[in-house]
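Summary of structural features
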Amino acid sequence: MNQPSDDPPFFHRMSWHDFDAFARIEGDAAMVQRLRRAERSRRKLLLRALMENSAKAEGLCGPLPPLDAVWELLARVEDISPKAIHWLLSHPYTGSWIGYTTRLLRNRIDGVCPLWVHVGQAHALAAAAAIRAGLDFDIDVPVWEGNAALPSLGVARLAASEPFEVATVVGRKGHYAVTNGISVTYLPQPLESTTDTWWAVRRARIHIGNKRFSLHLDDLDPYRGLYEPILPQRTADDEINDWERLIADACQLVAAHLPGLAESMPVGLTSLVPKPQVLFQNPSASTGEAFGSAVVCRPTDGASLAATLIHEFQHIVLGGILHLTQLVDHDPSERIYVAWRDDPRPVSGALQGVYAFFGATMFWRALRHSDSAVMANRAAFEFAYWRRQSWRTLEVLRAEPVLTEAGQRFLDGVAERLGAWQHEPVPRESGELAAAAAADHWAGWRLRHLRPDPAMVVDLTNAWLAGHSRPPVNAHTSTLQPTPVPDGRWSHARPELIRLRVSDPAWGRLPNSWCVVPEATAADFAYTTGRFTEAACGFRAELADDPDRPASLVGLGLALAAQGADPAARALLHRPETVRAVHRRLRHTAGQVPTPEQVASWIGQNVAE
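Structure report, in brief. Predicted, not measured: the structure shown is a model, and the values here were computed from it. (Residues numbered from 1 in each chain as written. Predicted model: local features only at pLDDT ≥ 70, side-chain atom pairs only at ≥ 80, totals over all residues. Heavy atoms only, no water.)

A few words on empty space enclosed by the protein. A complete count under the given rule lists eight cavities of 30 Å³ or more for this structure. Here the largest cavity is characterised by a volume of approximately 150 Å³. In this structure, the largest cavity is lined by 15 residues; those nearest its centre are Gln 121, Trp 144, Asn 147, Ala 149 and Pro 222. Put simply, the parts of the chain that give the lining of the largest cavity at least two residues each are helix H7 (121-133), strand E1 (137-144) and strand E2 (147-150). Sorting elements by how many residues they give to the lining of the largest cavity places E1 first, with three residues. Class assignment for the residues of the lining of the largest cavity results in 13 nonpolar, two polar and no charged. (1 Å grid on protein atoms, 1.4 Å probe; cavity = no way out; pocket = protein on both sides within 12 Å on 5 of 7 lines; lining within 4 Å. Points joined across faces, edges and corners; volume = space filled by probe spheres on them. Helix = DSSP H or I, 4+ residues; strand = E, 2+ residues; numbered from the N terminus. Nonpolar A, V, L, I, M, F, W, Y, C, P; charged D, E, K, R; others polar.)

The description of two aromatic rings rests on the distance between their centres and on the angle between their planes. The tally for this structure, following the rule as stated, stands at 18 aromatic pairs. Aromatic pair Trp 442 and Trp 445: ring centres 5.6 Å apart, planes at 15°, arrangement stacked. On the criterion of helical spacing, the pair formed by Trp 442 and Trp 445 is a turn pair, its members being three residues apart in helix H14 (residues 428-449). Residue class for Trp 445 comes out buried when judged on its relative accessible area of 4%. What links up through ring pairs into an aromatic cluster is the set Trp 340, Phe 357, Phe 381, Tyr 385 and Trp 386. Geometry around Trp 442 places Arg 392 over its ring, the cationic atom sitting 4.2 Å from the centre. A cation over a ring is seen here: Arg 499 above Tyr 385, with NZ or CZ 5.7 Å from the ring centre. (Phe/Tyr/Trp six-rings, centres within 6.5 Å; stacked < 30°, edge-to-face > 60°. Buried < 20%, exposed > 50% of the residue type's maximum accessible area, 1.4 Å probe, protein only. Lys NZ or Arg CZ within 6 Å of the ring centre and 35° of its normal.)

A separate point is the side chain of Ser 390. For Ser 390, the location among the structural elements is in helix H12 (residues 373-398). For Ser 390, a relative accessible area of 0% puts it in the buried group. Side-chain polar atoms of Ser 390 contact the backbone oxygen of Trp 386, separated by 2.8 Å. When neighbours within four sequence positions are excluded, Ser 390 is seen to be in contact with Trp 340, Val 354, Phe 357, Phe 358, Thr 361 and Leu 418. (Polar contact = N/O pair within 3.5 Å; in protein donor to acceptor, adjacent residues only side chain to side chain. Contact = heavy atoms within 4.5 Å.)

Relative to strand E5 (residues 175-179), strand E4 (residues 164-172) runs antiparallel, the two being bridged by five bridges. When the bridges of E5 are listed, Val 170 appears paired with Ala 177. Note: E5 against strand E6 (residues 184-186), three bridges, orientation antiparallel. Its bridge partner being in E6, Val 178 is matched across the sheet by Thr 185. In this structure, the hairpin formed by E5 and E6 is closed by a connection of four residues, where Gly 181 is found at a positive phi of approximately 90°. (Pairing = 2+ DSSP bridges.)

Time to look at the sheet that holds strand E12 (residues 293-297). Strand-to-strand pairing in sheets goes through backbone hydrogen bonds, with the strands running parallel or antiparallel. If you walk across this open sheet you meet the five strands as E8-E9-E10-E12-E11, and the pairing is mixed. With partners counted over all chains shown, the strands left at the sheet margins are strand E8 (202-208) and strand E11 (284-285), one partner each. Taken together, the five bridges between strand E10 (residues 271-275) and E12 define a ladder with parallel strand orientation. Bridge pairing in E12 links Val 273 to Val 295. The strands touched by helix H8 (residues 237-257) are E8, strand E9 (211-217), E10 and E12; relative to E8, the strand with the most contacts, the crossing angle is about 30°. (Axes fitted to C-alpha atoms, helices over the stretch in contact; angles between N-to-C directions.)

So, about the nonpolar core. Nonpolar side chains in soluble globular proteins generally cluster together in the buried interior. Ranked by internal contacts, the top residues of the largest apolar core, which has 96 residues, are Ile 247, Leu 272 and Phe 410. With 13 residues, helix H11 (residues 347-367) is the largest single contributor of residues to this core. Ala 124, Ala 148, Leu 153 and Ala 200 belong to the second largest nonpolar core, which has 60 residues in total. (Core = buried A, V, L, I, M, F, W, Y, C linked by side-chain atoms within 4.5 Å.)

At a minimum axis distance of 8 Å, the contact between H11 and H12 shows a crossing angle of 150°. Between H11 and H12, the angle falls in the class roughly antiparallel. Of the two possible hands of crossing, H11 and H12 adopt the one that is left-handed. Each of Val 347, Ala 350, Leu 351, Val 354, Phe 357, Phe 358, Thr 361, Trp 364, Arg 365 and Leu 367 in H11 lies in contact with H12, whose residues at this interface are Met 375, Ala 376, Arg 378, Ala 379, Glu 382, Phe 383, Trp 386, Arg 387, Ser 390, Thr 393, Leu 394 and Leu 397. For the contact of H11 with H12, the residue count by class is 15 nonpolar, three polar and four charged. (Parallel < 35°, antiparallel > 145°, perpendicular 65-115°, else oblique. Left-handed = near helix turned anticlockwise from the far one by under 90°.)

Following this line, the structure appears as structure tokens:
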């Protein structure tokens, strides 16, 4: 892959100037536009390769006409309206389709649908481009469960007799219809209108001063998913209204607090796949193949959505960069701790996360200056937490030997800004809560993904059984690689309760709302509201029922640490995997089984902070 260069551009190459600007989140709209142009060219080449390879094999198009018909129609479109071709190639799910179908062709296998249906998406793309160009034409397209998708436009709903069929798209003098011989759908004018038989792709348009934001809310395209094609899942109108309100609120915040990003983000993020709300979470995702799109679950407020949009925009930008420049040599081993996942990640995945949360951190940093005291308090916590967690992983990544020269330079650029933020003052409570939440997740990760040296566990167990007052060896970190297979279930209740607390400084709603947080216990609630003695008693009771429960072991460590220096807290927060391993062995060998806290207090004598 080409590395950035300051030489005059040949084909699509990124200058070091643009590269360094993106690393510091200082890329402007023109730079993002250059990434989009590179993506269009990449997709054009991949599309040509896919169609040429498909044409070499007989029968791949099934009942559809040969791909020559697609080429002929696309050539007509390009002659009349190059913009329509650009639109087709810029459509995020054109990239998803090309990637998915290329993998099927390489292995000569069917996917979710018969192979001809996936290959036939080329016919549907040509039809959509011809409609945008205003051509007279007709072409057959695939139909899946009665849905004839016209990418970026909508879906014609047809009566179907088979799961997979063929329909004909006909265009005459600006009027268009889709028919399968059983039923016919006439496309309305304008095409953004919706009827009983035509579902249009909806769009949120937001104007804030001289800034314009436009996001397609695409719940129709079969290739909008992350992994495999999916059928249309029409979002109810009232939910779309909620989405439009949230998008307006999010754009208002971005425009007010990060005006530079408000200029560049609309160029790189053009489509959302709306998903239902998941309480107390903000799930979102994107793929490098679908440049310009993100899958987002509906959040509770505009600030959460703004942070999510910025996060996904960062992923999109980095995906574009990675199509031009290699940042990491191949290294699939899952071994890096990250705060945004509960499992170890490969270097490439950890790098993606650092860059995305770098953007979210920047947003919360800016929002600390909100006129709303509640919003400022919430933003201070999120800023304190994410700057700390992103920096922790960034420092690990910068020492990785698998980074290329470009990768090292990119992370140095991230560090230039993120490092300076580590020293910015935040309210004391925000900093303390962020530090506790960070310690909570790190200890839980260790407990579930690190396996202590078995010989050390035996030595410690034997020393306990022999009545030694101190452990004979240091309970040092395991030298074994982390395992992606977790040992026990983790709970996110405590950080969610902390977020409820910082969003409700008077705690007016918290006493009545904590119990709806998934997996939250009374001990978790006591801990997050500062009743540490009560919390410790609650976690002890939980461990009496289940001495292996990760959230209870770590919760006890947190509650004890909040009351002052304590050897049990040190062991439970810094070597929890060793405490549990020794206690498990003692449960099978000791006549009188100690509590996990007693084992932790004993091991903690040799554990430093």
